[in-house]
Amino acid sequence: MKTFWLKVIASDRVAYNGRCQKVIVPAADGGQMGILADHENMVIAIEVGEAKMQLEDGTWETLAVGTGFLEVVNNRVTMLVQTAEKPEEIDARRAEEVMEEKLRQKQSIQEYYHTKASLARAMNRLKVSREKNTRI
């Protein structure tokens, strides 16, 4: 199968940089977007969720990603996201504690939206960490 170059850049590091056969990302419209080699040039918004990458050797890797953007230009894909974590990097106990704490707090409207985003990230981390041994 044909491949393309994928670079996943989080706010604190480069989470992945290499060749892929396919990448599936959580799109801002609530669905998912799949990218294959020779995809049309485009830019899309990414939501908190799971990014799944089929590597050059056919194996799959999953990342828990935060909000950001994905750009496809000339068979090169760049994903710029707030956070990107591999399942083995996720502290599931900490994510559960964050969820519980955020649910207990009384908040202003602004705090509500910050909490909603934080809760979505924590829930996504738990989901990805629990699915790390499953295959597509």
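Quick note: structure is the one above.
In this report, we go over the structure that sits alongside the text.

Reading the values: the criteria
Residues numbered from 1 in each chain as written. Predicted model: local features only at pLDDT ≥ 70, side-chain atom pairs only at ≥ 80, totals over all residues. Heavy atoms only, no water. Salt bridge = Lys/Arg side-chain N within 4 Å of Asp/Glu carboxyl O. Helix = DSSP H or I, 4+ residues; strand = E, 2+ residues; numbered from the N terminus. Buried < 20%, exposed > 50% of the residue type's maximum accessible area, 1.4 Å probe, protein only. Expected span 1.5 Å × (residues − 1).

## Looking at the pattern of salt bridges
Working step 1: Across all of its chains, the model carries five salt bridges by this definition.
Working step 2: Among the salt bridges present, the one from Lys2 reaches Asp38, with a minimum N-O distance of 2.2 Å. In this pair, Lys2 sits in the segment before β1 (4-9) while Asp38 sits in the loop between β3 (32-36) and β4 (42-46), placing the two residues 36 residues apart along the sequence.
Working step 3: Taking the relative accessible area as the measure of exposure, Lys2 reaches 55% and is therefore exposed.
Working step 4: A relative accessible area of 47% means that Asp38 is categorised as partly exposed.
Working step 5: With its nearest N and O atoms 3.2 Å apart, the salt bridge here joins Glu50 to Lys127.

## Focus: helix α2 (residues 109-130)
Working step 1: Taking 1.5 Å per residue as the helical rise, α2 with its 22 residues ought to reach 32 Å, and the 32 Å between its terminal C-alpha atoms agrees with that figure.
Working step 2: All of the buried residues in α2 are Thr115, Ser118, Leu119, Ala122, Asn124, Arg125, Leu126, Val128 and Ser129.

## Some words on unusual backbone geometry
What is expected of a backbone is that most residues other than glycine have negative phi and most peptide bonds are trans.
Working step 1: Of note in this structure, Asn74 is not a glycine but carries a positive phi near 50 degrees.
Working step 2: The phi angle at Asn75 is positive, at roughly 65 degrees, despite the residue not being glycine.
Working step 3: You can see Asn75 is positioned in the loop between β7 (68-73) and β8 (76-81).

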